[in-house]
Each structure stands twice: as C-alpha cells, then as structure tokens.
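The residues making up each chain are set out below.
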Amino acid sequence: MSHHDHMLQRQIELEIEMSGLGRDRYLSRVRKNVDKERGYETDTGRSILESVVGPVSAGITRFIEEVYSGRPGPRAIAAKLIKDMDPDVVSYLACRAILGRMMKPRSPVLMTLSVAVARAVELEARFTEFRKKDKERFDYELRKLSDDGATEQHKAVVLTFAMGKHNIPWDRWSRVEMIHLGIKLVELFCENTGLTVIQQAFEGGDKNAPKDQYLVHLTERATAWIDQSIKGGEHMFPDFLPMLIPPKDWTGLSGGGYYTDLDRPLPLVRRASKKQFELLKRKLAMAQHKSALLKGLNAIQRTPWQINQSILDVMRELAKSNEGIAGLVPGDKLKPARPEGVSEDADLKTLPQHLQTAFREWKWAARDVYSLNLQLRQDRLHQETMLGLAERFRDERAIYFPHNLDFRGRAYPVPLVLHPQGSDPVKALLRFSEGKPLGHDGARWLAIHGANTFGVDKVSFDERVEWVEDHWTEIVHCAADPLGNLWWTEADKPWCFLAFCFEWWDYKTSPDTFVSHIPIALDGSCNGLQHFSAMLLDKVGGRAVNLIPAAKPQDIYQVVADRVMEQLRAILSTEGTDAERGRWAYEWLAMGIDRKITKRPVMVLPYGGTPRSCLKYVDEAVKAKIAGGYKHNLGDDLKKAIGFLSSIIWDSIGDVVIAAREAMGWLQKTARVIGKANLPMHWTTPSGFVAYQGYVDLRSRVINTKISGKIVQLRMYDDTDKIDAPKQATSISPNYVHSMDASAMILTVDELSSRGLTNFAMIHDSYGTHACSTTLLASTLRKVFVEMYRADPLTKLRDELVLQSFVAPDIGAFEELPSKGELDLSLVLQSDFFFA
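Every chain is numbered on its own, with residues counted from 1 as its sequence reads. With pLDDT at 70 or above as the cut-off, local features in this predicted model cover only qualifying residues; side-chain atom pairs require 80 or more to be listed or tallied, and sums for whole chains, interfaces and linings still use all residues. With hydrogens and water stripped out, all remaining heavy atoms of the structure feed into the side-chain values.

J.: Help me get a handle on the overall build of the protein, residues and values and all.
T.: Secondary structure elements are taken from DSSP: a helix is a run of H or I of four residues or more, a strand is a run of E of two residues or more, and numbering for both begins at the N terminus. Helix and strand counts for the protein come out as 30 helices and 13 strands. Each residue is placed in one exposure class: buried if its accessible area under a 1.4 Å probe, protein chains only, is under 20% of its type's maximum, exposed if it is over 50%, and partly exposed if it falls in between. Expressed as a percentage of the 836 residues in the protein, the buried residues total 53%. Of all intrachain contacts in the protein linking residues separated by at least 6 positions in sequence, the fraction that spans at least 24 positions is 73%. Note on areas: these come from Shrake-Rupley sampling with a 1.4 Å probe, and a residue is covered only by the protein chains present in the view. For the protein, the accessible surface area stands at approximately 38500 Å², while carbon and sulfur atoms represent 52% of it. Throughout, a contact is declared for two residues whenever any of their heavy atoms are within 4.5 Å.

What follows is the structure in structure tokens.
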C-alpha cells in the first residue's frame, strides 16, 4: 500500500470513529456484560459509557413499568414513545448524547440537551418501526449500506428515504414530545449515574439568569472520573477531529473537508437559511472555478500543522499542579468558613441580628465559590480534552483543519477544542508542519512577534527588537528550563511567548541550520473601526486606528481616555458648573482615566455598542480599580458618578470616531426601514460571498413538565414569519463589518496563495505565516484593504438594498449616505502599525 493510500485509510478510520460508527459492535459487548448480572462493572470499566449504559437502562425499564402500572399523566408522554424499544439501545443513545455534550466548555441548557437526546432516540425508534413492518427490506438496505461503509447518520438519511418510498408510516415526534422524553432521560441519567445534576440556572450563581432556565452540571465525582479516563488516553466522543491528510477542496455549497459524508456532507455555510443557500448557489455558479472565496478558503484549510511537542510537555507538567499557572485552569477554590456561632442546622430567623448579617453574607460567598467551582470543573475538563487531543496527534508529521464559513462569510475551523483559532495555550500547541529558514528579514519579524506576545506592542518595531535583545538572558533561561524559570508566565500571551523563546534560543545557538515553524501574527488595531474609518475616509478616526503612518502605534483607547480627561478638566474650569458635577469631575480626574477604562466601550462600538453597554463596561472597570485598592470619596454617589463618567466617555468616543458612529447610524436606520416592511437583507461582499440577515420574531410557549418530582414551567420558542425589525437594526452593524473583515482575509489569502504561499494562520483580524514571508503578508493585506475600500462598498450596499426593497411598494425612503472625509487611502500602504 502506498503512503498516500495508507494515510487515506487512516483518515477514513478516524472519520468513522468521529461518527460513532463502532456502535453495533459496541452494543453487543455491552449486552453480553449486562447479561452477566451487573457485569458492566466486571468489564475493564475503562470506558465511562460502558459503565453507565447498564444502570440507566435499568432505570428506563423501571420508569416504563411504573408509568404503565399507575395512572396516565405528563410522564406517560415520554414512556409512550420508548415503551417498545430496547432499553439498552435507548440508554446507549441517551448516555452518548449527554456525555458528548457535557465535554463542551459550558454546562448545557437542559432544554437544548433534551432535544438532542430525544433526536438520537427518535431515529432509532423510526428504524425499529421500519424493521418491524418490513424486516426483509430493512435488512437488505442496511446490508447494502454497511458494505459501502456508510456512517450512522448517512444510514439514517437513506433509511428514512426508503421508509417514505415504500409507504411505511412514521409519525414524527413533536418538539413538545421530544422535550418531555429528553428531560426524562436526562433525569434518569442523573439519578442512576450520579454524574450530573439538573439545577435552575440562578442556583449556579448566575443571579441574572432567567427563572425558567435549567442547566445540567457535572458532579465532582464525574469530573474526577472523566479526568482519569482522558488521562488514560481514552478520548470522549469527539465531534470533529483534525485530519491526517489535506481536506477535500470546496468546489460548491457542500462536501468540502472530510472524505466520508459523516452525518451529511459538511455545508460551506453553517446554518445557512434556504434563501441564503439559493443566493450563494447563483453567485458561485456565475464565478465557477474562478471564485476567490473558495480558493482562499481552500488555501487556509490546506495548511499543514503539527503539535508543538516542547509546549505540550511543559503544559502537561504545569496542568498537573492545579495551581493555575500561565492561564491554565486552577484547582477548586476552598469554601469560606461558616461564621462562628452558627451551627449546621441554624435557622436564620432565630439568630441575633449581627449573626443574621454574617450568615447571609457567608451564604452568598459560599454560593459564589460553588458556582466558580462548577465552572472550573467544566474548564478543567475542557483543558484535559485539549491536552488529550494534542497527545493523540503528537507524533503526526502533519495534521489539517477543515474550515467552513458562518452566514457573514467568516472562516472557522470545523474541529472543536484543538484548532488554530483557539486561545493562547491552544494556539501555542500548534505550529506549522513545514519549517522555513528566516531569510533576510525573518529574524526581525520573529523578534517583533516575541515582543508582541509578551505585551511590548505599544512601541515602534525597532524598540520591540531591542527589547528582545535586552532580555536575551531571561529568554534563554526560560527556553532551557521553563519549569524552573517562570518569567515567561508574566507575558500577555505566556504560551505563545514560550513557543517564541524555544525558537529564539534555537536560532541564536545554530543560526545556519535553524528553521522556523511558528506562525508570526500581525493583528489589526481595533479592526472594526479600521473598516468604518476607511469606509467613510475619516481622517480623525483613521489616525487613531493606524490607517495613517506614525512614528509609534496609535492607541485609540488612550486617545479616547485623553479626550475624557480633557472634558473633565473643562467641566472643572467652567464657571457655573453645578457643584455635584464639579465634585464628580474632580474625583475622576484624581483617579485618572486610563485605557483600561475606555478599552471595552471603544472595542465593542463597531459591533453594536450602545450608551447602555458603555455604562456596563465603565462600571466594571471602575469597580475593578476599587477592588484593587483604589480609595474614592464618592460615598453613596458612586453609582450616579459612574453614570456621569460613562456619558462623558460615550461622547468622547463620538468625538474620536465620528464616521463610525455615522455609518452605524445609517446602517441601523436602513435596517429598521427594511425590517418594518417585513423584508430580510442580503449583500454581496468584496470576496463574492452573499451575506444574509433575516432575524424573525420568536413566539414563546410554556411547557409544564416534571423535574425531580416537581412540576416546572419551561419556555420554548418557535419562529414566526415576521421579521424582527429592532433585532435587524441592532445586528446590522456587527454583521456588516464582520462580512467586510471576512472578505479582507479571504482576498489576502487568495492573493498570497496565487504567489506560492502555502501556510496560513488566519483569525478574522489576526493574520499569520512564516517569519520569512511576513513582509509579503504585510504588504499584501494592506494592498487588499485599500483596493476593497477604493471600490466604495457602502454605496454598493445601498444600491443592493434599494433593489431588494422594490418588492415592497410602501417601504419608507432610505436616508442619504453619510458624507465622506478627506482620508487618503494610499497612506495605509505606508502605515507600519495598521496590522502589526
């Protein structure tokens, strides 16, 4: 067998594992064990799934018996659906769905989990019915599928089709029935395994959670157990894994990426509406093989990666300590001690006043620790899964990440947990499989990257290189003994900085033979505002976000903070300022407004920031300063004074990014006009993608169901045919700007791949490639951005929306587009810090 065939064979086996195809073999083994009287425990017991199927199956049997010997009630809905099915199979499917979902970083919402569990069981019920009605045909279809090596979900599609074709009736389960059954199965899982608990969301410490939302959390026992299984190298049910050979190219709207059509071929656009699908189909048919969109996306997913083994070794060691070093997840936090004089069974009402207060405060503190520990447990599990996956692919020469797009055209990796768009530790675990010499200016870029990841990124490039040379000794010590020298953990992005330390040391010790593997990242500065400033040629905003050359990087958060200080001084020096405002201005000047306070409100502005969100972020930032020990003299006025400060920050942002505010205002008003006519919106982006926005009103219904013996009300939502105009208006600005950054990225990759580049680390507004190609990357991304905005996309958007609106005769008129400024776009080509 050739190397290529061998790798293809391994890839297909990996995909079969991903789709959970081992199920039939697996079930027969579980059945054998169950026959041996609780024999599931005598099996090696290594797999969690194996050890829970039995008890949950027994619980299902008991539940059905109880329902059918008692009187009918809401529980009977769930029992009716599964009474004729094999309880082992129902249990297997439910346990697999529950455990698979519990591995994700956030605890799942009971409602969502229930529907997923019931869906898996309904498929099985459907085919049980098929087999009962026409065993011969069923066996024939199944044999044919098995011979073709079809995956479980592919079987589902074919068999469903066959049932329809041969008139075998099947009443689809309604969503309400599914919810009743799903909740019951999750509850039986909780009762019979002790691995999960159902809790109202606010019990988990989230005081703002809706009363009718329930979450499913892992118990401590579960986390310890799952932890062991992952450390033992048994991976929990992965959804999508990295690939061992280059993914299939995208040539149309589906079928790129994996080689077997798992549940169904991957779609090019995740959760695209039917209308978007049709619009894209037309657009791609016109472009055919010349589509920059598909060429760019294919180049990103063809990039060969590998695990950075030095990073993995250090991470494994430090994760064991549970000390939370370098951003890893720490161990559980200790619960606060119970107040003295308050016994376990104390009744709050009978306690003296001073103890009542202490008792109440202790209860809240204990609840906060409890909810923090729940989250930490989930995070540690996620971390273990990440390390387990990295270990699994550790020795592969190359691994690949298939990508597809969201409804705005942004590219995302399909595999979860381990992929190039992850957080700092995840990114550091990956490096380019191909190593390249540094060439004539690669060493400079490598040094700049090192300074950037440490956090030295507000100075000129020369100063960044100088910083690396000045800290040569510390860098060497960290590379030689990262566990003994923890200086690297002080970096902004400690793991990516450590990956740099290893490379820099290698380069300095053997410059002639050194090849570089790590992606050098260039990040846009406040990228959403860069797009808006270019769109309206705004000089003031453009300067603040580095569209104009400068000696050192402009820091828009600082620019806004300086403007706020200016406003506060002006208030103080004005005759006739009312005393209260004067006092507040004096207090805030004394504290000093810095970039930490203005950062979040400015950052979220292009993505739908409002005065309300501004107040929330200012409030959080000020309170963080106070928690850090800052003493203020505002007393009970603090809340009002923060409101006053927030309005000054909001006005100052408007002074600095006038154009962005105007463009956003125009987009929102236009979206509202179109939404009121009950029309969605779609637009063609510069990369040839069709973005589509059509949020509909949701109709809510209440379902009464039993959870742990008591009747609760859960809320479920159905779509209506009515467009949600307010939601259309608040969403258009972020969606439009994301569709533009997606285009800039795809067009940059398309251009670079046509010039021979094959390695791309791309994350929306952070572009990376090898050090030796970074200069080419830097000049290309600027050229693409300038060409994009020279073509005036905002006017094109307006023209497209006007055409779409012709179908609604009574639609209101659109406002005039905001006027353009004087910014010379070609300056971007010379601006060092545009992406840096």
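J.: Requested: an account of unusual backbone geometry, with residues and values cited.
T.: Backbone geometry at alanine 326 places phi at a positive 55°, although glycine is not the residue there. Locating alanine 326 in the fold gives a position in the loop between helix H13 (309–321) and helix H14 (353–392). You can call alanine 326 buried: its relative accessible area is 11%. Phi is positive for asparagine 678, close to 60°, though the residue is something other than glycine. Position of asparagine 678 among the secondary structure elements: in the loop between helix H27 (658–676) and strand E8 (681–684).

J.: An account of the sheet that holds strand E7 (residues 520–523) is requested, with residue identities and associated values reported.
T.: Paired strands, as defined in this entry, are two strands with at least two bridges between them according to DSSP. With antiparallel pairing, three strands are arranged side by side in an open sheet as E7-E13-E12. Since the sheet does not close on itself, it has two edges, and those belong to E7 and strand E12 (761–763), each with one partner. Sheet twist, expressed as the mean angle between neighbouring strand axes with direction ignored, is 15°. Two strands pair when backbone bridges link them, and E12 and strand E13 (residues 766–769) are joined in this way by three bridges, in the antiparallel orientation. Fitting a line to C-alpha atoms yields each axis, with helices limited to the stretch in contact; the angle taken between N-to-C directions then spans 0 to 180 degrees.

J.: Tell me what's going on with the pattern of salt bridges, and back it up with residues and numbers.
T.: Salt bridges are identified by distance alone: a Lys or Arg side-chain nitrogen within 4 Å of an Asp or Glu carboxyl oxygen. Considering all chains together, one arrives at 35 salt bridges under this definition. A salt bridge links arginine 10 to glutamate 396, with the shortest nitrogen-to-oxygen separation between them at 2.5 Å. With arginine 10 in helix H1 (residues 3–18) and glutamate 396 in the loop between H14 and strand E4 (403–405), this pair connects stretches of sequence that are 386 residues apart. Exposure remark for glutamate 396: the relative accessible area of 15% places this residue in the buried category. One salt bridge connects aspartate 555 with arginine 595, and the closest N-O pair in it is separated by 2.5 Å.

J.: I'd like a rundown of the pairing of E13, residues and numbers included.
T.: Looking down a regular strand, the side chains alternate between one sheet face and the other. Of the two faces of E13, the one carrying Ser766 and Gly768 and the one carrying Tyr767 and Thr769 are both buried. Hairpin connection between E12 and E13: a loop of two residues separates the two successive antiparallel strands, and histidine 764 in this loop has a positive phi of roughly 60°.

J.: Please give an account of the packing of helix H20 (residues 527–535) against helix H28 (residues 725–754) that cites residues and values.
T.: For the pair H20 and H28, interaxial distance at closest approach is 10 Å and the crossing angle is 90°. Taken together, H20 and H28 sit at an angle that is classed as roughly perpendicular. Here Asn527, Gly528, His531, Phe532 and Met535 of H20 come into contact with H28, specifically with Ser733, Tyr736, Val737, Met740, Asp741 and Ala744. The residue inventory of the contact of H20 with H28, partitioned by class, reads six nonpolar, four polar and one charged. To sort the angles, those under 35 degrees are grouped as roughly parallel, those over 145 as roughly antiparallel, those from 65 to 115 as roughly perpendicular, and the leftovers as oblique. Following the grouping adopted for this structure description, the nonpolar residues are Ala, Val, Leu, Ile, Met, Phe, Trp, Tyr, Cys and Pro, the charged ones are Asp, Glu, Lys and Arg, and the polar ones are all others, Gly among them.

J.: Tell me about H13, and please be specific about residues and values.
T.: Working rule for helices: expected span equals 1.5 Å times residues minus one. Between the first and last C-alpha of H13 there are 19 Å, a value that for 13 residues agrees with the 18 Å anticipated at 1.5 Å per step. Taken residue by residue, H13 has Ile311, Leu312, Val314, Met315, Leu318 and Ala319 as its buried positions. For H13, the angular spread of buried residues about the axis comes to 165°, placing them on one side. Against strand E3 (305–307), H14, helix H15 (424–428) and helix H19 (494–509) lie the buried residues of H13. Starting at the helix axis, one direction is taken to each C-beta atom, and the arc is that of these directions.

J.: Outline the environment of proline 304, listing residues and values.
T.: Within the secondary structure, proline 304 sits in the loop between helix H12 (292–301) and E3. Residues proline 304 and phenylalanine 401 lie 97 residues apart in sequence; the distance between their C-alpha atoms is 8.3 Å. Setting aside chain neighbours within four positions, we find proline 304 in contact with Ala398, Ile399, Tyr400, Phe432, Ser433, Thr758 and Asn759.

J.: I'd like a rundown of the packing of helix H25 (residues 611–627) against helix H26 (residues 638–656), residues and numbers included.
T.: Packing of H25 against H26 brings their axes to within 9 Å, and their N-to-C directions diverge by 125°. On the basis of their axis angle, the class for H25 and H26 is oblique. The element H25 and its partner H26 pack so that their crossing is right-handed. Between H25 and H26, the residues in contact are Pro611, Cys614, Leu615, Val618, Asp619, Val622 and Ile626 and Leu638, Ile642, Gly643, Leu645, Ser646, Ile649 and Trp650, respectively. Across the contact of H25 with H26, the residue classes tally to 11 nonpolar, two polar and one charged. With the far helix as reference, a near helix turned anticlockwise by less than a right angle produces a left-handed crossing, and one turned clockwise produces a right-handed crossing.

J.: Help me get a handle on H28, residues and values and all.
T.: Taking 1.5 Å per residue as the helical rise, H28 with its 30 residues ought to reach 44 Å, and the 42 Å between its terminal C-alpha atoms agrees with that figure. What is called the bend at a residue is the angle between a pair of axes, fitted to the seven residues leading up to and ending at it and to the seven starting from it. Along H28, the helix axis deviates most sharply at serine 731, where the bend reaches about 40°; the proline proline 734 sits within four residues downstream. Counting buried residues along H28, 24 of its 30 residues qualify, which places the element largely inside the surrounding structure. Glycine 756 sits one or two positions beyond H28 and adopts a positive phi of about 100°.

J.: Explain the pairing of E8 residue by residue, including any values.
T.: Strand direction decides the pairing type here: E8 and strand E9 (residues 690–693), joined by four bridges, are antiparallel. Looking across to E9, one finds that threonine 684 is bridged to valine 690. Linking E8 back to E9 in an antiparallel pair, the connection comprises five residues, with glycine 688 at a positive phi of about 95°.

J.: Please set out the side chain of serine 433 residue by residue, giving values where relevant.
T.: In this fold, serine 433 is placed in the loop between strand E6 (430–432) and helix H16 (442–454). Beyond its immediate chain neighbours, meaning those up to four positions away, serine 433 contacts Pro304, Trp305, Gln306, Arg397, Ala398 and His517.

J.: Can you lay out the packing of aromatic side chains for me, pointing to particular residues and giving the numbers?
T.: Aromatic contacts are taken between Phe, Tyr and Trp rings whose centres are within 6.5 Å, Trp giving its six-membered ring; a plane angle under 30 degrees counts as stacked, one over 60 as edge-to-face, and the others as tilted. This model, assessed by the stated rule, comprises 23 aromatic pairs. Arranged with centres 4.9 Å apart and planes meeting at 40°, the rings of tryptophan 305 and phenylalanine 432 form a pair that is tilted. Of this pair, tryptophan 305 sits in strand E3 while phenylalanine 432 sits in strand E6; the two residues are 127 residues apart in sequence, bridging distant segments of the chain. Residue tryptophan 305 shares its accessibility class with phenylalanine 432, and that shared class is buried. Ring-pair connections join several aromatic residues into one group, and the members of that group are Phe454, Trp467, Trp487, Phe497, Phe500, Trp504, Tyr507 and Phe514. The criterion for a charge sitting over a ring is simple: Lys NZ or Arg CZ within 6 Å of the ring centre, and within 35 degrees of the ring normal. If you follow lysine 727 out to its NZ or CZ, it ends over the ring of tyrosine 695, 4.5 Å from the centre.

J.: Give a detailed account of the environment of proline 55, specifying residues and quantitative values.
T.: With respect to the element layout, proline 55 can be found in helix H3 (residues 48–69). Residue proline 55 is classed as buried on the basis of its relative accessible area of 17%. A C-alpha to C-alpha distance of 8.7 Å links proline 55 and serine 91, two positions 36 residues apart in sequence.

J.: Break down the side chain of aspartate 441 for me, with residues and values.
T.: By secondary structure assignment, the location of aspartate 441 is in the loop between E6 and H16. We treat Lys and Arg as the positive residues and Asp and Glu as the negative residues; His and chain ends play no part in the count. Of the side chains with opposite charge, arginine 444 lies nearest to the buried aspartate 441, which makes no salt bridge, at 6.7 Å. In the analysis that follows, any N or O atom pair within 3.5 Å is treated as a polar contact, provided that within protein one partner can donate a hydrogen and the other can accept it, and provided that, for residues neighboring in sequence, both atoms belong to side chains. Reaching out from aspartate 441, the side chain makes a polar contact with the side chain of threonine 775 at a distance of 2.4 Å.

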